[in-house]
Amino acid sequence: MAAQTILFDFTLDSAKTADEKQRQEVAKILRNELEHVFPQLELVYSMDCIENGYFSVLHENKATIITCRIFQHGLLTVNVEYFLPAGKEPIMSFDGLVHGKSLENALAVKLKAIKGQKLPALRRGDVPRYFPSSDERIIEYDIDKLVYEARSPFQKIQILHSKTLGNMLLLDELQNIAESDLIYTETLMGRGIENYEGKEICILGGGDGALLYELLKENPKHVVMLEIDELVMEACNKYLNSICGDVLEKRKSDQYEIVVGDCVEYLKKFIAEDRKFDYVFGDLTDIPITGAPVGVDWDFIRTIFEHSFQVLKPDGKFLTHGNGTSCTESLELFEEQLALLKPKVKYTTSKAFVPSFMEEWLFYQVSFA
């Protein structure tokens, strides 16, 4: 069961919506057409003012609520919302038909709209299914079950089941990894390009366990993973073990160790001990989507850079994920930060389409120049 919201947008000649009298005429046409589909429609409230246009709320049997907004610039929006019990058919089909009639087409014709659009119904209240792309477009997922949800001292943790992606981890309602996302891990680690055999590796973050699990297949000398959130690891161990195996269960072997704590504090400890690694993985926060490299997220990235390169061997590499390839401005800001590092570094990039992100993602391979 869920609340269903259907959105209609129309563009009219702005001359038809410029003053109160004209907007009232548009509202009259709009209501007449809505009554053909919702015959028991009643007006609850309406308001018109010169600056903000016209607004009204209507209902049918106090169950279906319709809000209408006419902007003086020619934009008209209609929102239809109602509650759909489990097992019941929606009042409007996917193609916009209500009782066999196309509401969008009828409204567009009567209003003599320049253009019109009906968006697919938004379903809210049962399971989360709408999440953003890296450039803040809304993506609808085929989620059919909330598998796990909890809040740790650090973040909101959810594991959702997708019909096509399998179980999917979200942190603070952002997609992190799904059972379908081996390509993400393989691109991050450069499988087939980098040689990890006999190497010493440090993972910053990586609480889902997927990177550690795949690296251990490459026969490294030792891997230490620094993850701050115990609850993330517990959830992934239980519900995402297809991508992490038993590494989050065992936590330690001759070949690896998982340390629960702040990775920055442990990097400081490694620096004090003069401990060096062949590879350091930054499997932490995405590159922020901002207009300038300022704020706590950018400060954190600079801190990770500063400490990570101090624990790298001279021929070592820092490997990390960036963001969606469409976020060119933020990626450029990230690369500007790399250019400021001392000693100087050089970098290459790779990219892959990540199924659960539903977009192409950029990855960085950074080494000393």
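No experiment lies behind these values; they were computed from the predicted model shown.

### Examining a nonpolar patch on the surface
A cluster of nonpolar residues, Val44, Tyr45 and Met47, forms a patch on the protein surface that exposes about 280 Å² of accessible area. Relative to the elements of secondary structure, Val44 occurs in strand S2 (residues 41–49). Here Val44 falls in the exposed class, since its relative accessible area comes to 51%.

### Topic: the sheet that holds strand S12 (residues 143–151)
Taking strand neighbours across the sheet as the criterion, the four strands line up as S12-S13-S14-S15 in an open arrangement whose pairing is antiparallel. Pairing within the sheet leaves two strands with one partner each, and these edge strands are S12 and strand S15 (174–178). Strand-to-strand twist across the sheet, computed as the mean angle between neighbouring axes with direction ignored, equals 25°. Bridge count between strand S13 (residues 156–162) and strand S14 (residues 166–171): six bridges; the pairing is antiparallel. Paired with Ser162 across the two strands is Gly166, which belongs to S14. Contacts from helix H5 (residues 230–239) reach S12, S13 and S14, with the element oriented near 150° to S12.

### Focus on the pairing of S13
The buried count for S13 comes to six of seven residues, which makes it a mostly enclosed element. Direction of pairing for S12 relative to S13: antiparallel, over a ladder of seven bridges. Paired with Ile143 across the bridge in S13 is Ser162. Counted between consecutive antiparallel strands, the loop separating S13 from S14 contains three residues.

### Focus on helix H10 (residues 328–339)
Here H10 spans 16 Å end to end across twelve residues, near enough to the 16 Å set by a 1.5 Å rise per residue. Listing the buried residues of H10 in full gives Ser330, Leu331, Leu333, Phe334, Gln337 and Leu338. End-on, the buried residues of H10 take up no more than an arc of 155°, which puts them together on one face. Along its buried surface, H10 packs onto helix H9 (296–308), strand S20 (312–324), strand S21 (345–354) and strand S22 (359–368).

### Looking at the UniProt feature "domain: PABS" (unreviewed entry) in the protein chain
Per the UniProt record, "domain: PABS" (unreviewed entry) is found at residues 128–368. As a span, residues 128–368 carries 29% helix and 37% strand, and end to end its C-alpha atoms are 43 Å apart.

### Regarding the pattern of salt bridges
Per the counting criterion, the structure on display carries 20 salt bridges. One salt bridge in this structure joins Glu35 and Arg31, with 3.0 Å as the shortest N-O distance. On the criterion of helical spacing, the pair formed by Glu35 and Arg31 is a turn pair, its members being four residues apart in helix H1 (residues 20–37). A salt bridge links Glu230 to Arg251, with the nearest nitrogen and oxygen atoms 2.7 Å apart. Of this pair, Glu230 sits in helix H5 while Arg251 sits in the loop between helix H7 (247–250) and strand S18 (256–260), placing them 21 residues apart in sequence. We classify Glu230 as partly exposed; its relative accessible area is 28%. Several salt bridges share partner residues, and in doing so they unite Glu186, Arg191, Glu214, Lys217 and Glu218 into one network.

### What about unusual backbone geometry?
The amide bond that connects Lys342 to the next residue, Pro343, takes the cis arrangement and shows omega of 0°. For Pro343, the position within the fold is in the loop between H10 and S21. Non-glycine residue Asn219 carries a positive phi angle of around 60°. Structurally, Asn219 is set in the loop between helix H4 (210–216) and strand S17 (222–227). Of the residues examined, Asn219 reaches a relative accessible area of 43% and is grouped as partly exposed. In this structure, Met358 takes a positive phi of about 55° despite not being glycine. Mapped onto the elements, Met358 comes out in the loop between S21 and S22. Relative accessible area serves as the criterion here: at 33%, Met358 is assigned to the partly exposed category.

Parameters and conventions
Residues numbered from 1 in each chain as written. Predicted model: local features only at pLDDT ≥ 70, side-chain atom pairs only at ≥ 80, totals over all residues. Heavy atoms only, no water. Patch = residues over 30% accessible without salt bridge, like charges linked within 9 Å, V, L, I, M, F, W, Y side chains within 5 Å. Areas by Shrake-Rupley, 256 points an atom, 1.4 Å probe, with all protein chains shown as cover. Salt bridge = Lys/Arg side-chain N within 4 Å of Asp/Glu carboxyl O. Helix = DSSP H or I, 4+ residues; strand = E, 2+ residues; numbered from the N terminus. Buried < 20%, exposed > 50% of the residue type's maximum accessible area, 1.4 Å probe, protein only. Pairing = 2+ DSSP bridges. Axes fitted to C-alpha atoms, helices over the stretch in contact; angles between N-to-C directions. Contact = heavy atoms within 4.5 Å. Expected span 1.5 Å × (residues − 1). Arc of directions from axis to C-beta. UniProt positions renumbered as here; feature names shortened; annotations may be inferred.

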